[in-house]
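A structural walkthrough
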Amino acid sequence: MKERTIGFYEVVVVKEGEARRIPELMDWDGALADLARAPVDARSHESDSRIVGTTVTHNMEDHLLLHRVKDAGEWLSVINFDTGHLRELEQSAHEGYLDTSVICFLPFGNVVGIMQGGVSAPSHKALETWLNGIQMFPGSQLQLRPVVAHSEIEKLRTAVGASRVEVKVMANKMGALSERRGGLARTLRAAGEAYGEISVTMIISVPRKKELKEHRELLLADLAEISDVVTGAERARARLVYSDPGGPEQTRLVELVEHNITAKKRVPATDAEGNSIRIVSAVDAILAAAAEHQEALRLAVDAGVS
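To start, this report covers the structure provided alongside it.

The rules behind each value
- Residues numbered from 1 in each chain as written.
- Predicted model: local features only at pLDDT ≥ 70, side-chain atom pairs only at ≥ 80, totals over all residues.
- Heavy atoms only, no water.
- Helix = DSSP H or I, 4+ residues; strand = E, 2+ residues; numbered from the N terminus.
- Buried < 20%, exposed > 50% of the residue type's maximum accessible area, 1.4 Å probe, protein only.
- Contact = heavy atoms within 4.5 Å.
- Areas by Shrake-Rupley, 256 points an atom, 1.4 Å probe, with all protein chains shown as cover.
- Lys, Arg positive; Asp, Glu negative; His and termini not counted.
- Charge placed at Lys NZ, Arg CZ, Asp CG, Glu CD.
- Patch = residues over 30% accessible without salt bridge, like charges linked within 9 Å, V, L, I, M, F, W, Y side chains within 5 Å.
- Salt bridge = Lys/Arg side-chain N within 4 Å of Asp/Glu carboxyl O.
- Pairing = 2+ DSSP bridges.
- Axes fitted to C-alpha atoms, helices over the stretch in contact; angles between N-to-C directions.
- Expected span 1.5 Å × (residues − 1).
- Phe/Tyr/Trp six-rings, centres within 6.5 Å; stacked < 30°, edge-to-face > 60°.
- Lys NZ or Arg CZ within 6 Å of the ring centre and 35° of its normal.

**Observations regarding the overall build of the protein**
Of the regular secondary structure elements, the protein holds seven helices and 17 strands. Here the C-alpha coordinates of the protein stretch approximately 80 × 50 × 45 Å along the principal axes. Counting over 306 residues, the protein shows a buried share of 40%. Counted over contacts in the protein with a minimum sequence separation of 6, partners at least 24 positions apart contribute 64%. Carbon and sulfur atoms make up 50% of the accessible area of the protein, which totals about 17800 Å². Placing the 36 positive and 44 negative side-chain charges of the protein at their respective mean positions leaves the two points 7 Å apart.

And the structure:
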C-alpha cells in the first residue's frame, strides 16, 4: 500500500500586494454547501488546464475534491493484466478523465490539508488559482502558503551557552552572512569565498570543562547572531547549556530549522470486497494527520489551543 504525503497550508488574503493572515475563520462549510448545488460551469476554472471542484460528504462533514481535467490530446490506455489486452480511452466532448486531489478545510486558522492523488493532480497553487477563479469569496484575493512549524529559536534567549553547534548552509544562503561579524558567520563565509558555490556543513563542539565556559558563551552569541539565517538552513541544531540556580548546568538538544508541516499516511484504495474507498481513506488520513499535528498547526497560525 503506497504512502501519500499530506501537506498543510494556510489560506491568507492579499491586500495592497501584501499577504495577511485572516483573523476570523472563513465560512468554508457554507462555501462547500453552495458548491454542492452549483452547476459544473460555476465550479470550473480554466487556466493552464481546466480545474473542477466537487463537494463530497463523509461522516456528515463536507470536503473538497479538486480535479484537473486531462487534456483531450493526452494518450490514455487501459491494460488487462490477465490477458495483456490494451484498450485506448477516448474522450467524448461531454466527458473528461480526471486527476484528483482531496482537500479538507480544518476548523481553525483557515488551514487546509491536501493530498494529491498523483503527481499531476491539483496542487495547493491550483487550489489557490481555482478559489480566486470561481470567486468563492467575492472581493477577496486569496493565497495559500505552507504552514511552517515554529523552530525552537526562542530557546537561544534563555540559554547561557552552547556546547555544540551543527549547521549546514546552502550556497544561496551565504549572501545573508556578508555583514555578520561573529565567528560562525566568518567561518561559513570564508568557506564560501574559498570554494565558490558550495554547501557547507560545520560542526563545532566545546568540551564541558569549567574553564571553557566563556567559549560556550561566545559560541551561543555567534549562533544567536545568525539565528535568522539558520532557521532557513538545510540543517541547524545545537546543544544548549542552561543554568540551574539550584544545581548543575543542564544541556538540551534544540532543532533550529523551520519545517513545513507535512505527514505521510497509507491510503487503501479498495476494501476487502474490492470496492473503491480511496476518497474516504484520503479524508480519514488527512483528518488523522491534522489531529496528530494539531498543536503545531495551531501554534504556527496563531490559532490558540484546542
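**Let's talk about unusual backbone geometry**
Of note in the backbone geometry, Glu 16 takes a positive phi value of approximately 55° without being a glycine. Residue position: Glu 16 is located in the loop between β1 (3–15) and β2 (18–20). Since its relative accessible area comes to 79%, Glu 16 is described here as exposed.

**Focus: a nonpolar patch on the surface**
Among the surface-exposed residues, Ile 79, Phe 81 and Leu 86 lie close enough to one another that they form a single nonpolar patch of about 370 Å² accessible area. One can find Phe 81 in the loop between β6 (76–79) and β7 (86–89).

**Regarding the sheet that holds strand β14 (residues 235–242)**
Here we have four strands laid out as an open sheet, ordered β13-β12-β14-β15, and antiparallel in their pairing. Of all strands in the sheet, those with a lone pairing partner are β13 (200–205) and β15 (250–255), marking the two edges. Along the sheet, successive strands turn relative to each other by an average axial angle of 10°, direction set aside. Judged from the six bridges that link them, strand β12 (residues 161–169) and β13 form a sheet pairing that is antiparallel. Bridge pairing in β13 links Arg 164 to Ser 205. Running at roughly 40° to β12, helix α4 (residues 213–225) makes contact with β12, β13 and β14 of the sheet.

**Things to note about the pattern of salt bridges**
All chains considered together, the criterion is met by 19 salt bridges. A salt bridge links Arg 21 to Asp 302; the nearest nitrogen and oxygen atoms lie 2.8 Å apart. Pair noted here: Arg 21 is in the loop between β2 and α1 (28–37) and Asp 302 is in the segment after α7 (294–300), with a separation of 281 residues, a long-range link. For Arg 21, a relative accessible area of 32% gives the class partly exposed. For Asp 302, a relative accessible area of 61% gives the class exposed. Arg 180 is the partner of Asp 228 in a salt bridge, and the nearest nitrogen-oxygen pair spans 3.0 Å. Here Asp 228, found in helix α5 (residues 227–230), pairs with Arg 180, found in the loop between β12 and α3 (183–195); they are 48 residues apart in sequence, far enough to count as distant. Ionic contacts of the salt-bridge type, sharing partners, join the residues Arg 164, Glu 166, Arg 235, Arg 237 and Glu 255 into one network.

**Thoughts on the pairing of β7**
Two strands pair when backbone bridges link them, and β6 and β7 are joined in this way by four bridges, in the antiparallel orientation. Opposite Leu 76, over in β7, you have Leu 89 as the bridge partner. Taking the residues between adjacent antiparallel strands as the criterion, β6 and β7 are bridged by six residues, where Gly 84 takes a positive phi near 80°.

**Digging into helix α6 (residues 278–292)**
Here α6 is 15 residues long and its end C-alpha atoms lie 21 Å apart, about the 21 Å a rise of 1.5 Å per residue gives. Every buried residue belonging to α6 is among Ser 281, Ala 282, Val 283, Ala 285, Ile 286, Ala 289 and Ala 290, and all of these are buried.

**Section: the packing of aromatic side chains**
Taken as a whole and assessed by the stated rule, the structure comprises two aromatic pairs. Considering the side-chain rings of Trp 28 and Phe 105, the 4.3 Å spacing of their centres and the 15° angle between planes classify their relative orientation as stacked. One end of the pair, Trp 28, is in helix α1; the other, Phe 105, is in strand β8 (residues 98–105), and 77 residues separate them in sequence. Residue class for Trp 28 comes out buried when judged on its relative accessible area of 5%. Between Trp 28 and Phe 137, the aromatic rings sit 5.1 Å apart at their centres with planes inclined by 85°, giving edge-to-face as the arrangement. Taken as a pair, Trp 28 in helix α1 and Phe 137 in the loop between α2 (124–133) and β10 (142–146) lie far apart in primary sequence, 109 residues in all. Neither Trp 28 nor Phe 137 differs from the other in exposure class; each is buried. Taken together through their ring pairs, the aromatic side chains of Trp 28, Phe 105 and Phe 137 make up a single cluster. Above the face of the Phe 108 ring, Arg 298 is positioned so that its terminal group lies 4.3 Å from the ring centre.

All we've got here are geometric facts, nothing functional implied.
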